[in-house]
Amino acid sequence: MQPNIIGVRFTKVGKIYHFDTSAVPDVGIGEHVIVDTSRGRHLGEVVQLVKEVPPKPDGGWRTVERRATPRDLLLLQSWQSRQTEAMINCRARASELGLKEVKIVAAEYNYDGSRLTFLFSTEGEEKVDLKSLKKDMHDLYPNTHIEMRQIGPRDVAKILGGMGACGLETRCCSQFLTDFSPISIKMAKEQGISLTPNEITGMCGRLRCCLIYEYEQYVEARKHLPKRNKRVVTPRGEGKVVDVLPMNNKVIVLLENEEGKRFTEIFDNQDLQPWDELEALRRKSQAPCDRH
């Protein structure tokens, strides 16, 4: 039997997870459902109806148990209102235990309060022992399953929100990014962006997510432009390419006038010709013809 797959999101700007809703037919976008996850039962919103079934994950498809009821939604709101208090209590206990390298970022209840997850980050790379903290939180919330989950700098910035390094009132990660793509310094170089830390580093201390936005367009545009230091023939004479403007399809060329003074000028790529190709044609035309 072909599974009926839907995409479910648990937070407003969160990752989409796929579930089999064959047992609960006719579920539509915008509805809320109770699903079985690796971390217990959770309430999420249906945001996607998957037409082409993706490859089956290891362990099989997690399932939709039922539609959420108005009572479930009220329960979720009730438990979410207690999350800040739980976070403050956990922070206070972590401070008492001397866990200075640990930062409690948030606390999250599932919809019925049966599970409480504390999200934390650490400054160093070494693994920290949170057994005592977890036990104390379990003693404070005895009827709740306690989980301590470590998150990275990008996830911390996403949760905390605030203004972006570029000046946007809301950071991209908090506004619309549901997944974090791998970012490399090569992306900044390809776009001609200054490599000074202030220019390429986000509020999370990592390379800015926006470096990937136009990267592919720059790569494609550069394929049709001459390389730096390449000699070209321009309407003003021969010159050397010193830089390119990929998004404008223009090339900056270093030229030399009759007095030997050097200057740069910007040309449309279509107005340039490769010097080496023209030179090869010139030499071929001047070569003596073979006689048989």
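A short tour of the structure in this document, coming up. (Residues numbered from 1 in each chain as written. Predicted model: local features only at pLDDT ≥ 70, side-chain atom pairs only at ≥ 80, totals over all residues. Heavy atoms only, no water.)

Here we look at the sheet that holds strand S12 (residues 262-268)
Here comes step 1: Spatially, S12-S11-S10-S9-S13 is the arrangement adopted by the five strands of the open sheet, whose pairing is antiparallel. If you trace the sheet from one side to the other, it starts and ends with S12 and strand S13 (273-274), each paired once.
Here comes step 2: Pairing analysis gives seven bridges linking strand S11 (residues 250-256) to S12, with the strands arranged antiparallel. Considered in S12, the bridge of valine 253 is made with glutamate 265. (Pairing = 2+ DSSP bridges. Helix = DSSP H or I, 4+ residues; strand = E, 2+ residues; numbered from the N terminus.)

Side note on the environment of glutamate 31
Here comes step 1: Its location among the elements puts glutamate 31 in the loop between strand S2 (16-20) and strand S3 (32-37).
Here comes step 2: When its relative accessible area of 26% is taken as the criterion, glutamate 31 is described as partly exposed.
Here comes step 3: With 13 residues separating them along the chain, glutamate 31 and glycine 44 place their C-alpha atoms 8.6 Å apart.
Here comes step 4: Residues within four places of glutamate 31 in sequence aside, it is in contact with Asp26, Gly44, Glu45, Val46 and Arg67. (Buried < 20%, exposed > 50% of the residue type's maximum accessible area, 1.4 Å probe, protein only. Contact = heavy atoms within 4.5 Å.)

Digging into helix H8 (residues 215-222)
Here comes step 1: Residues Tyr215, Tyr218, Ala221 and Arg222 constitute the buried set of H8. Down the axis of H8, the buried set is contained in an arc of 130°. They therefore lie on one face.
Here comes step 2: In this structure, the buried residues of H8 make contact with helix H6 (185-190) and strand S10 (237-245). (Arc of directions from axis to C-beta.)

Brief notes about the packing of aromatic side chains
Here comes step 1: Under the counting rule described, the total for this entry stands at four aromatic pairs.
Here comes step 2: Ring centres of phenylalanine 10 and tyrosine 17 lie 5.8 Å apart, and the angle between their planes is 45°; this geometry places the pair in the tilted category.
Here comes step 3: Taking the relative accessible area as the measure of exposure, phenylalanine 10 reaches 30% and is therefore partly exposed.
Here comes step 4: Summarising the aromatic geometry, the rings of tryptophan 79 and tyrosine 109 are spaced 4.9 Å apart at their centres and angled 45° between planes, so their arrangement reads as tilted. (Phe/Tyr/Trp six-rings, centres within 6.5 Å; stacked < 30°, edge-to-face > 60°.)

Section: the pattern of salt bridges
When the charged atoms of two side chains with opposite charge come close together, those side chains can pair.
Here comes step 1: Here the structure, examined in full by the defined rule, presents 17 salt bridges.
Here comes step 2: We note a salt bridge from arginine 115 to glutamate 147, for which the minimum N-O separation is 3.9 Å. With arginine 115 in strand S7 (residues 115-122) and glutamate 147 in strand S8 (residues 145-150), this residue pair connects regions lying 32 residues apart in the sequence. As far as burial versus exposure is concerned, arginine 115 and glutamate 147 are alike and both buried.
Here comes step 3: Across the pair arginine 228 and aspartate 243 runs a salt bridge whose closest N-O atoms are separated by 2.9 Å. (Salt bridge = Lys/Arg side-chain N within 4 Å of Asp/Glu carboxyl O.)

Thoughts on the packing of helix H2 (residues 83-96) against helix H3 (residues 131-140)
Here comes step 1: Taken N-terminus to C-terminus, the directions of H2 and H3 make an angle of 135°; their axes are 10 Å apart at the nearest point. In terms of their interaxial angle, H2 and H3 are classed as oblique. Once H2 is placed against H3, the crossing between them reads as right-handed. Along its contact with H2, which presents Asn89, Cys90, Arg93 and Ala94, the element H3 presents Leu133, Asp136, Met137 and Leu140.
Here comes step 2: Among the residues making up the contact of H2 with H3, the classes are represented as five nonpolar, one polar and two charged. (Axes fitted to C-alpha atoms, helices over the stretch in contact; angles between N-to-C directions. Parallel < 35°, antiparallel > 145°, perpendicular 65-115°, else oblique. Left-handed = near helix turned anticlockwise from the far one by under 90°. Nonpolar A, V, L, I, M, F, W, Y, C, P; charged D, E, K, R; others polar.)

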